[in-house]
Amino acid sequence: GGYKWTRVEFGYGWPHTLVVDKQNPEILYLGNRYGVWNGIDYTGVWKTTTGGMSWTKKNTGLSNTAVSKLVIDDTTGHIYAATPVGIFKSEDGAETWHFLSSELPHNLVNSLAINPDENKIYAGTNGGIYVVQDTMHVDAGTDKLTNAQVLQDGTATDLTGIASYEWSKISGPG
């Protein structure tokens, strides 16, 4: 016994999170928080379509590229990225990212989980664990969010064309 491990090259940095696209196992996404080597910044989201043989940086729309956690909603293919400034969402295979957590009380997000059956996103932050219902659709051309619904007594507005989510705290200090 045991397993035989094969090294998959990435470059330099400390990959913090890896996720596999269940529709195509050759597609992986990597989240990297640290790493500049020989003038190349390896932080952010990277994508491979070759099972790890080559990687492409996918940070368009990420205002902070220190990615600590990535998750994929297997029912929609949407990807969520946790960063020190909040959560970002991609609906197009990491080609573009949109900020998701403007109403999250604690934006230092270290972990994420998804319940795709109920469209819930859980965020582990420096101030506790929060949950939100994500039924919004991002129109990448206008950044307009529609079909908004949130949990409990929260509201989502679309008065200016940019909606907000209302996060509900479920555990943690304060």
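All values derive from a computational prediction rather than experimental measurement. (Residues numbered from 1 in each chain as written. Predicted model: local features only at pLDDT ≥ 70, side-chain atom pairs only at ≥ 80, totals over all residues. Heavy atoms only, no water.)

Asker: Explain the pairing of strand β9 (residues 86-90) here, please?
Answerer: Regular strands have side chains that alternate between both faces of the sheet. Within β9, 5 of the 5 residues are buried, which leaves the element mostly enclosed by the surrounding structure. As judged from the 5 bridges shared by strand β8 (residues 79-83) and β9, these two strands associate in the antiparallel manner. When the bridges of β9 are listed, A82 appears paired with I87. Connecting β8 to the antiparallel partner β9 that follows it, the hairpin turn spans 2 residues. Of the pairings in the sheet, the one linking β9 to strand β10 (residues 98-99) comprises 2 bridges and is antiparallel in character. Bridge pairing in β10 links K89 to H98. (Buried < 20%, exposed > 50% of the residue type's maximum accessible area, 1.4 Å probe, protein only. Helix = DSSP H or I, 4+ residues; strand = E, 2+ residues; numbered from the N terminus. Pairing = 2+ DSSP bridges.)

Asker: What's the story with the sheet that holds strand β2 (residues 28-32) in this structure? I'm lost.
Answerer: The strands making up a sheet are joined through hydrogen bonds of the backbone, oriented either antiparallel or parallel. Strand order in the open sheet formed by 4 strands is β1-β2-β5-β6, with antiparallel pairing between adjacent strands. Edge positions in the open sheet fall to β1 (15-20) and β6 (56-57), since each of these has one partner strand only. Pairing of β1 with β2, which is carried by 5 bridges, proceeds in the antiparallel orientation. Each residue of the ladder has a partner; that of T17, found in β2, is G31.

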